[in-house]
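Examining the three-dimensional arrangement
What follows is the residue order along each chain.
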Amino acid sequence: MQNQPMKTLPPKTFSTATSPHLLGFKNTSWIMRQVLLALIPGGMAMLYLFGGGVLINLILAISAAIAAESLVLYLRSKPIIATLSDLSAIVTAILLALALPPTLPWWLTIIGVSFAIIIAKQLYGGLGYNLFNPAMVGYAFLLISYPAEMTFWIPPWMLNSHPIDIAGTFKLTFTGVLPTGLDIDAISAATPLENMHNGLSMRNMVEEIRDGRAWGLFGEQGWEWPNFAYAGGGIWLLYQRIITWHIPVSILGTMFLVCGIFYLLDPQVSPLPTFHLFSGATMLGAFFIATDPVTASTTPRGQLIYGSSIGLLIFIIRTWGGYPDAVAFSVLLLNTAVPLIDRYTQPRVFGTHILDDDI
Amino acid sequence: MYISQPDGSQRRLWNFHGGLRLSEHKELSSTKPVSKLPIPERLILPLQQHIGTPSQPLVQAGERVYAGQTLANPQGDVSATLHAPTSGTILAVTEHAILHPSGLTAPCIILKPDGCHTWSPNLPPPITDFHTHDPNVILARIKWAGVVGLGGAAFPSNVKLQTNTHTKIHTLILNGVECEPYITCDDALMRTYPNRILQGAQILLHILGANHCLIGIEDNKPQAIAALYNVIQQYQLSQIQIVKIPTIYPSGGEKQLIKILTGLEVPSQGLPSMLGIMCHNVGTAAAIADAVVLGLPLISRITTVTGRGVNNPHNVELLIGTPITTAITHAGGYTDSAHRLIVGGPMMGFTAPDDSAPITKGTNCLLVTSPQETPNPPPASPCIRCGQCAQVCPANLLPQQLYWYCRSQNLQQVQAHNLFDCIECGCCSYVCPASIPLVQYYRATKSILREQTVAKRKAEQARLRHTARQSRMQRLEQERQQRLQQRKLPQTLPNATNGQVDPKQAAIAAAMHRVAAKKQQHAIQPRNTDNLSPNQQQQIQAAQIRRHQLNAESTHEDVTP
Ligand code: SF4
Ligand code: SF4
């Protein structure tokens, strides 16, 4: 090497970057895809129970979400395709659609979704900046403005003496005209939560209320299946580490505990705790809605507080409130508390307050 | 958690929060024996290869030097000696490109080797019976040898060994964790030279007066564990224990390693010595052994040259000052896909803009990556507050909140959220689904804050100087007045005795005098509060240096790559 003539080659140049130079594989749209995947079983269960109306809602909601988001992005001169491809608008649309009654008039679905995307999400600055869960804002808006339509549920098919076929559903959704020979009372049914709520407020005993309907394993026949399916999807999200256990466990745990206490106090006027867990939007709320990263608490202790408060509120509103289901309002209420919760629940930083902690 | 150890026992270990399991890519370089580079045709020796002040050159262009001859002496308290890695002629003492993220130049000694590698006749004698020597003698030897932390940050070892002024060190930890992907130089060292490391451990124990030594090694290096364990068994080194720890990044971070091994947490912004613990890299221990037992200065090191950007990734023993180009040529040259040149590991290392610089004492890895290995990140999208970053943060910080505060330049909140406890490990950026360059924000904000502190200190000093000057002027003026008055006094005095001086006026003058004197005192007082005991000052300095070291751009010393 010594005797080689000295070459003075120009140095080879390289691209520069800041550390870390390795990249994880997760990105926002991957996360949203996992959420969509996890929603499939629950969506299928809803479809199975309530028929084509669920599908119509989903299609309407997704189209409305894409249209609304594109419009706002266009007005704000933001990249449309790049933003849409994070799939967050579609997740919002699907969450809302799954919470809507299957025969909701088409324009209400569109209004609800547009409200969610435009007002609750984009006007706050878009993904990541919204304080409130957009899907639940849309839901609450519809429920307050159109309570009659929003509480009009057809029963699951196994309890339905007058099932409507897909064409009938289509007609009902788009024109509001019922199939010939049916009137509104014949096809509508109170949800089990409403049933329990109304029954209990009429001083009926739980047993009597239960006798009146066909009961499944835990709740009313039918309704427990989507809840099971949502819980399954939620476990997938846990497995993929998209959500942590803190929020779902604290919601469900609190509900179970509080219902359990009331049940033990007087089983005559309080339903079994499992009834609440497998009714209404409990599982959808616990695994998919309350865990929305943007609007949920981000610290582990904060998430426990956030989750258990939601669980408690759901129980309170369901039992004593004016609305039969309570997931939307509970989540929205706690959304407002998130900045405060986060502020006071910062984790103990490595090397600080060592004495407070037994190590 | 309990992990079974090489001696068959179960040892309790502790977890730190977060961390990542990364693909290791260590097999690229670890499967081949350590090769030795022939003496390159020139060596470029930066005067600052360590944290602290640059060394003071002792040689001039044209001078002939021996291998191991001292080329530059330490300057100031935190500095290191520099030796000629081989014999030859000094071509120049001049500015040359050094390893730096922005490709800066710095004063370097350029040496043209003669190829003979003639050792200096003035090398100190070997100290084999170091047990019988005073620790200070050994420390002086380490200082002479120019040993610095070889894990990356290159903090002068003799200074580190002396920083414990208040707590007695009871435990020495040798860091053989090497948790960064790709890097295997410590692994290679442990496999090849276990004796040197263990000798170094004994010397360190002797210096510190510590009673035991733990060597932490990740369980992905079974050969290194076995090699060290065999020597320990052979020589019955009961003070030294190998501890196999789970492979998780960044378990090689000094604070993380201490937590894993002892369950203790180094206080926020504090030093391990507060817990009676000191960490050194295994490479440093070996260099210390060479310095003491063989009387050789630090003139070479094992560096990993790896990545898909070089044809023949391997570990190589390089003379300090070897040009990168030479090291790369020895590793088979660049492949067509060479894309980034990373100094250090892929998580904490920095990129060099070109390959014109030489390797230094702290260069543990030259990683040339292909675009597939280190893809350019997609543009950042909004934070979705998913909390993935907080889940992996080994310091248990809330990276997304730090990010908000860094972006809005809310410097108060940034500090309230413990920005300075961030070890810049990069876990948060790695997992962030929005590909936000979080660490970059933290680094930038830290340097703003550091500059502010410096500016504040300067302003404070200026204010003190100003007040001091003012009071001095005042005093001078007063004295002048007094002199004037005294000169007048003889004329007025007789009158005064006659009762001509108004007693009221005299009282006022006296009062004013007192006020002035008081003022003067006040002006000087703040300076007096600065008069800390040398001990206190040393502590402050040590902490500052340490912090500086932690925050240095380059890989952290004991985050052994
Ligand atoms: S990982 Fe990224 S997107 Fe998620 S909370 Fe942290 S900074 Fe935000
Ligand atoms: S770089 Fe800092 S904030 Fe990010 S994970 Fe590491 S220690 Fe935590």
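As a reminder, the structure under discussion sits directly above these lines.
Keep in mind that what you see is a predicted model, and the values were worked out from it rather than measured. (Residues numbered from 1 in each chain as written. Chains lettered and ligands numbered in written order. Predicted model: local features only at pLDDT ≥ 70, side-chain atom pairs only at ≥ 80, totals over all residues. Heavy atoms only, no water.)

Points about the overall build of chain A
Inclusion rule: We count a stretch as a helix when DSSP gives it H or I for four or more residues in a row; a strand needs E for two or more, and each element gets its number in order from the N terminus. Partly exposed residues are those whose accessible area sits between 20% and 50% of the maximum for their type, while under 20% is buried and over 50% is exposed, using a 1.4 Å probe and protein chains only. Note on contacts: a residue pair qualifies if any of its non-hydrogen atoms lie within 4.5 Å across the two residues. To measure how exposed things are, a 1.4 Å probe is used in the Shrake-Rupley method; for residues, cover is taken only from the protein chains shown.
Counting secondary structure elements, chain A contains 17 helices and 0 strands. Across the 359 residues that make up chain A, the buried fraction comes to 53%. Long-range contacts, defined as pairs at least 24 residues apart, comprise 76% of the intrachain contacts of chain A with a sequence gap of at least 6. Put simply, chain A shows about 16,100 Å² of open surface, and 67% of that area lies on carbon and sulfur atoms.

Looking at the interface of chain A and chain B
This is how it is decided: Throughout, buried area stands for the accessible area (probe radius 1.4 Å) lost by two parts on being put together, summed over both. Take a side-chain nitrogen of Lys or Arg and a carboxyl oxygen of Asp or Glu: if they are within 4 Å of each other, that pair is a salt bridge. Think of a polar contact as two N or O atoms within 3.5 Å of one another; within protein, one of them needs to be a possible hydrogen donor and the other a possible acceptor, and neighboring residues in sequence only count if both atoms come from side chains. Residues are grouped as follows: Ala, Val, Leu, Ile, Met, Phe, Trp, Tyr, Cys and Pro are nonpolar; Asp, Glu, Lys and Arg are charged; every other residue, Gly included, is polar.
Listed by partner, the interface residues are 46 residues for chain A and 75 residues for chain B. Carbon and sulfur atoms supply 57% of the area buried between chain A and chain B, which totals about 5,000 Å² over both sides. Salt-bridge contacts for Arg348(A) lead to Glu265(B); the nearest nitrogen and oxygen are separated by 2.7 Å. In this assembly, chain A and chain B are joined by 23 residue pairs in polar contact (both at pLDDT 80 or more). Per-element tally for the side of chain A that touches chain B: the top contributor is helix 17 (residues 327-344) of chain A, with 3 residues. Taken together, the residues that form the side of chain A that touches chain B break down as 21 nonpolar, 19 polar and 6 charged.

What to know about the nonpolar core
All names here are of chain A. What counts is decided by this rule: Remark: nonpolar core denotes a set of buried residues (Ala, Val, Leu, Ile, Met, Phe, Trp, Tyr, Cys) joined through side-chain atoms within 4.5 Å.
Counting residues in each nonpolar core, the largest one holds 81 residues, and the members touching the most others are Leu39, Leu98, Tyr139, Phe288 and Tyr306. Of all the elements, helix 4 (residues 88-99) adds the most residues to this core, at 10 residues. Leave out the neighbours within four places in its chain, and Phe288 touches Val35, Ala38, Leu39, Leu95, Tyr230, Gly233, Gly234, Leu237 and Met283.

Some points on the pairing of strand 17 (residues 340-343) of chain B
Residue and element names in this part refer to chain B. Selection criterion: DSSP bridges decide pairing: two strands pair if at least two such bridges lie between them.
Alternating residues of strand 17 divide into Arg340 and Ile342 and Leu341 and Val343, and every residue in both groups is buried. The pairing of strand 17 with strand 19 (residues 365-369) spans 4 bridges and is classified as antiparallel. Within the sheet, the bridge partner assigned to Ile342 lies in strand 19 and is Leu367. In terms of strand pairing, strand 17 meets strand 18 (residues 350-351) through 2 bridges, oriented antiparallel. Residue pairing for strand 18: Ile342 is matched across the bridge by Thr351. Between strand 17 and strand 18, which pair antiparallel one after the other, the connecting turn spans 6 residues, and Gly344 there sits at a positive phi close to 100°.

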